[in-house]
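If you want the building blocks of each chain, they are given just below.
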Amino acid sequence: AEHCGSCRACLDACPTQAFVEPGVLDATRCISYLTIEVKGEMPAEFHEAIAKGGHVYGCDVCQEVCPWNVKFAREVEEARFEAREVIGAKDVKTLAGDMLAMSEDEFREAFRGSPMKRAKAAGLRRNAAVVLGNRGT
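Residues numbered from 1 in each chain as written. Predicted model: local features only at pLDDT ≥ 70, side-chain atom pairs only at ≥ 80, totals over all residues. Heavy atoms only, no water.

**Student:** Help me out: how do you make sense of the nonpolar core in this one?
**Tutor:** Grouped together as the largest cluster of nonpolar side chains are 28 residues, with contacts concentrated most on Ile50, Val56, Val86, Met99, Met102, Phe111 and Leu124. Those elements that provide at least two residues to this core are helix 2 (31-37), helix 3 (47-53), helix 6 (92-101), helix 7 (104-110) and helix 8 (120-133). By residue number, the principal contributor to this core is helix 8, which donates six residues. Once you skip the residues sitting within four places of it in the chain, Phe111 turns out to touch Arg84, Val86, Ile87, Met99, Met102, Met116, Lys117 and Leu124. Counting residues in each nonpolar core, the second largest holds five residues, with Cys14, Ala18, Phe19 and Cys30 among its members. (Core = buried A, V, L, I, M, F, W, Y, C linked by side-chain atoms within 4.5 Å. Buried < 20%, exposed > 50% of the residue type's maximum accessible area, 1.4 Å probe, protein only. Helix = DSSP H or I, 4+ residues; strand = E, 2+ residues; numbered from the N terminus. Contact = heavy atoms within 4.5 Å.)

Okay, here's the thing in structure tokens:
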């Protein structure tokens, strides 16, 4: 069912304007795609938006502003969905620094069984460098 009506919350909130029109997402502009799926160099035109939001892995701004998601949101009840210790409640500068310093073995151990492995250690380090470099740190 169509629940959006005239709502534009996700379109207006998207840091990279990935929604080209209501109901149409240009995935190549989506921060989740850019920080998880893109291998190699990050397109420079997105560095500022990624850094501003501290997006080391993924984004979900569109999900966070969606009135339907807000209406039906619940606290996490499953321990397996809690943030891993390596991430915890760290501020973005600390998290990005930790990602840059993490060895391949530490990465594999920290994210065993996690979808974060999809980005690979090199991808997380690249994302961390983009975030820190574009924050002037």
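What follows continues from the structure just given.
**Student:** It is not clear to me how the side chain of His55 should be interpreted in this structure. Could you clarify?
**Tutor:** Secondary-structure assignment places His55 in the loop between helix 3 and helix 4 (61-65). For His55, the side chain forms a polar contact with the main-chain oxygen of Gly58, separated by 3.3 Å. Apart from the residues lying within four places of it in its own chain, the contact partners of His55 are Pro15, Ile31, Thr35, Ala49, Ile50, Val61, Asn127 and Val131. (Polar contact = N/O pair within 3.5 Å; in protein donor to acceptor, adjacent residues only side chain to side chain.)

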